[in-house]
Amino acid sequence: MSAVPEHTTGQFDPQRPDTNGPAGNEDYPGLAGEYEDCRHVAADGLSVWATAQSTGPVQRRGRYVPESVKHPARMLPAIAAHAIAAYTEPGDLVLDPMCGIGTTLVEAVHAGRDAFGIEYEPQWSNIADANIRHAHDQGATGCASVIRGDATRLMSLVPKALTGQVALVVTSPPYGPTVHGLVRPGADGVVKYDDRYNDGEDKGNLAYRDLTGLTDGFAEILRGCATLLRPGGAVVVTARPWRKRGELVDLPSAVIAAGLRAGLVPTERCVALLAAVRDGHLVARPSFFQLQQVRKARSSGVPMHLIAHEDVLIFAKTRTPEGGSGVVA
């Protein structure tokens, strides 16, 4: 995608953990020794991905089937495309264990990579299948498929032959209706819709768990990803915090903690812009709910600002005890 610049990295500093979130505990600093052999970047290396130079609808227009808009938590295609270009080569295998409508899979096959995804909800896996077919109709050369099932049981869903074969995992944990959804005018004002991952009857979806339950489930997913990841492979997770009753819910730190529990090592922490860059300034692309929350907060004296980015947390696989002291493979 022309809006995505050349890949640059941001080094993850284990000596300066986020002590305000779930990862900020006594176990975290002790892992610093495991980072000594991690990939390093120049001091002036950038960590900002300019992934919103065009809006989400513009990025998806013609590239995805119209039904894709119904999903409440669509990853920006440019984020997936950037990660795939940065961390893989043509012919590599890409995984999204919570693939939704298949954004990661579509961008992978367009880039000449093979891909597979796991999706719990049939309505989204059906749309993902349609998006893959649409990509092939447009000339995409990679192969992709969607497996229906619970990604917390990843290794029971995936053929054992894929163990150690995945070059890149790209995914994002669910946020639930607090963050996502679409709006339309109604008789009593603005009505929110398409803000749930299903009809609300099946609570097996991680989106219906509290933060602790979400983190535990995501750690299980990442543990399966670590098993499938090849040496030198990467796991890329996008996440952003949100506010609930005025309190900050620090999801990025929770994701770091989940990755550590899954046996992964954080190697980079980057920023994927949700705002465009124009003449040296950020042009926000907020949702209706973000604008509403910010206006309410400011009217009550809370200096809240619009969200302009998502954290991009990059993990690597560690060696087994036989292979060394747990440093990055």
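Residues numbered from 1 in each chain as written. Predicted model: local features only at pLDDT ≥ 70, side-chain atom pairs only at ≥ 80, totals over all residues. Heavy atoms only, no water.

**Focus on the confidence of the model for the chain**
Quick note on the threshold: As a per-residue measure, pLDDT reflects the predictor's confidence and takes values from 0 up to 100. The contact definition used throughout considers only heavy atoms, calling two residues in contact when any of these lie within 4.5 Å.
Taken residue by residue, the chain gives an average pLDDT of 79. The fraction at 70 or more is 72%. For residues 179–183, every residue scores under 50 in pLDDT, and the model assigns this stretch 27 contacts once sequence neighbours within four places are set aside. The model gives residues 320–329 a pLDDT under 50, and that stretch makes 21 contacts with residues more than four places away or in other chains.

**Description of the sheet that holds strand β11 (residues 264–273)**
In plain terms, the rule: Any two strands are treated as partners once DSSP identifies two or more bridges connecting them. Secondary structure elements are taken from DSSP: a helix is a run of H or I of four residues or more, a strand is a run of E of two residues or more, and numbering for both begins at the N terminus.
Spatial strand order, β1-β11-β14-β8-β5-β2-β3-β4: 8 strands in an open sheet with mixed pairing. Every interior strand has two partners, whereas the edge strands, β1 (48–49) and β4 (144–148), have only one. Strand direction decides the pairing type here: strand β2 (residues 93–96) and strand β5 (residues 166–171), joined by 2 bridges, are parallel. Bridge pairing in β5 links Val 94 to Leu 168.

**Here's the deal with helix α2 (residues 77–87)**
Our working rule: Each residue is placed in one exposure class: buried if its accessible area under a 1.4 Å probe, protein chains only, is under 20% of its type's maximum, exposed if it is over 50%, and partly exposed if it falls in between.
Among the 11 residues of α2, 9 are classified as buried, and the element is accordingly described as predominantly covered. Turning to α2, its buried residues number three or more, namely Pro 77, Ala 78, Ile 79, Ala 80, Ala 81, His 82, Ala 83, Ile 84 and Tyr 87.

**So, helix α6 (residues 211–228)**
The periodicity of an α-helix, 3.6 residues per turn, causes residues three or four places apart in sequence to face the same way. Worth spelling out the cut-off: A helix is expected to span 1.5 Å for every residue after the first.
The first and last C-alpha atoms of α6 sit 26 Å apart over 18 residues, in line with the 26 Å expected at 1.5 Å per residue. Among the residues of α6, those classed as buried are Gly 213, Leu 214, Thr 215, Gly 217, Phe 218, Ala 219, Ile 221, Leu 222, Gly 224, Cys 225, Ala 226 and Leu 228.

**Some words on the environment of Arg 223**
Along the chain, the position of Arg 223 falls in helix α6. In the structure, Arg 223 is positioned 41 residues away from Leu 264 in sequence and 8.0 Å away in space, judged by C-alpha atoms. For Arg 223, the contacting residues outside a window of four places in its chain are Arg 261 and Ala 262.

**Description of the pattern of salt bridges**
Between side chains of opposite charge, a pair can form as their charged atoms come close. Worth spelling out the cut-off: Salt bridge, as applied in this entry: a Lys or Arg side-chain nitrogen positioned within 4 Å of an Asp or Glu carboxyl oxygen.
Tallying each qualifying case throughout the model produces 7 salt bridges. In this structure, Arg 223 engages Glu 220 in a salt bridge whose closest nitrogen and oxygen atoms are separated by 2.5 Å. With Arg 223 and Glu 220 both in helix α6 and 3 residues apart, this pair spans about one turn of that helix. Measuring nitrogen to oxygen at the nearest pair gives 2.6 Å for the salt bridge that ties Arg 269 to Asp 311. Of this pair, Arg 269 sits in strand β11 while Asp 311 sits in strand β14 (residues 309–317), and the two are 42 residues apart along the sequence. Classification of Arg 269 by relative accessible area gives partly exposed; the value is 27%.

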